[in-house]
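Descriptive analysis of the structure
Next come the chains, spelled out residue by residue.
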Amino acid sequence: MQKNKSAIALHYDGQQTPTVTAKGHNQLAEHIIEQVKQQGGLIHQDEALTDYLNNLEVGDEIPEKLYQVIAELIAFSWYLNGKTPPGWEGLSSINEQV
C-alpha cells in the first residue's frame, strides 16, 4: 500500500519563529510543492520531520525542539539562494576579523 504524499510549507520572516503556512496530502501536497518550487523555496524530504510537522495546524509556530533542524534547513536554503540572514550584510568573514 502506497503512503499518502504530504507537504508542509513553513514561512520565516527573519525575525519571528517559523510558522506553518500550508499543509496538505496527495493532490494538495503536489500543489504546495509546485508553488514552493515556483517561488524558489527549498523542498526538503524528511519523512520523520513531515510526520511531526503534520501534527501542527496552519498558523502554528514550530515547537522549540525543532528550532535547530529548521534553522539549519533555512540557513542552507538561504546559502543556496545567495542570501544572508538579516543583519549579516557587510560583515567581514571570521578570517578577516582574527
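- Looking at an unreviewed UniProt entry, one finds the chain named Flagellar biosynthesis protein FlhB and attributed to Photobacterium proteolyticum.

**Topic: the overall build of the chain**
- For the chain, the count of helices and strands is four helices and two strands.
- Listed by position from the N terminus, the elements making up the chain come as β-β-α-α-α-α.
- For the chain, the exposed area adds up to about 7,500 Å²; of that, 50% sits on carbon and sulfur atoms.

**Here we look at the environment of Ala71**
- One can find Ala71 in helix 3 (residues 67–80).
- Residue Ala71 is classed as partly exposed on the basis of its relative accessible area, which comes to 42%.
- When the C-alpha positions of Ala71 and Thr17 are compared, they lie 9.8 Å apart, and in sequence the two are 54 residues distant.

**Here's the deal with the pattern of salt bridges**
- Tallied over the entire structure, the rule returns one salt bridge.
- In this structure, Glu30 and Lys5 form a salt bridge, with 2.9 Å as the shortest nitrogen-oxygen distance. Of this pair, Glu30 sits in helix 1 (residues 27–38) while Lys5 sits in the segment before strand 1 (6–11); the two residues are 25 residues apart in sequence, bridging distant segments of the chain.

**Points about the environment of Gly40**
- Relative to the assigned elements, Gly40 resides in the loop between helix 1 and helix 2 (47–53).
- With 37 residues separating them along the chain, Gly40 and Ser77 place their C-alpha atoms 9.5 Å apart.

Thresholds applied
- Starting afresh in each chain, residues are numbered from 1 along the sequence in its written order.
- Local features in a predicted model are, by the rule used here, given only for residues with pLDDT of at least 70; side-chain atom pairs are given and counted only at 80 or more, and totals for whole chains, interfaces and linings are based on all residues.
- Only hydrogens and water are removed before side-chain values are computed, so all heavy atoms of the structure are retained for them.
- Here a strand is any run of E in DSSP of at least two residues, a helix any run of H or I of at least four, and the numbering for each starts at the N terminus.
- Note that accessible areas follow from Shrake-Rupley with a 1.4 Å probe, and for residues the cover is restricted to the protein chains shown.
- For every residue, the accessible area (1.4 Å probe, protein chains only) is compared with the maximum for its type, and the residue is labelled buried under 20%, exposed over 50%, or partly exposed between those bounds.
- A pair is scored as a salt bridge if a Lys or Arg side-chain nitrogen falls within 4 Å of a carboxyl oxygen belonging to Asp or Glu.

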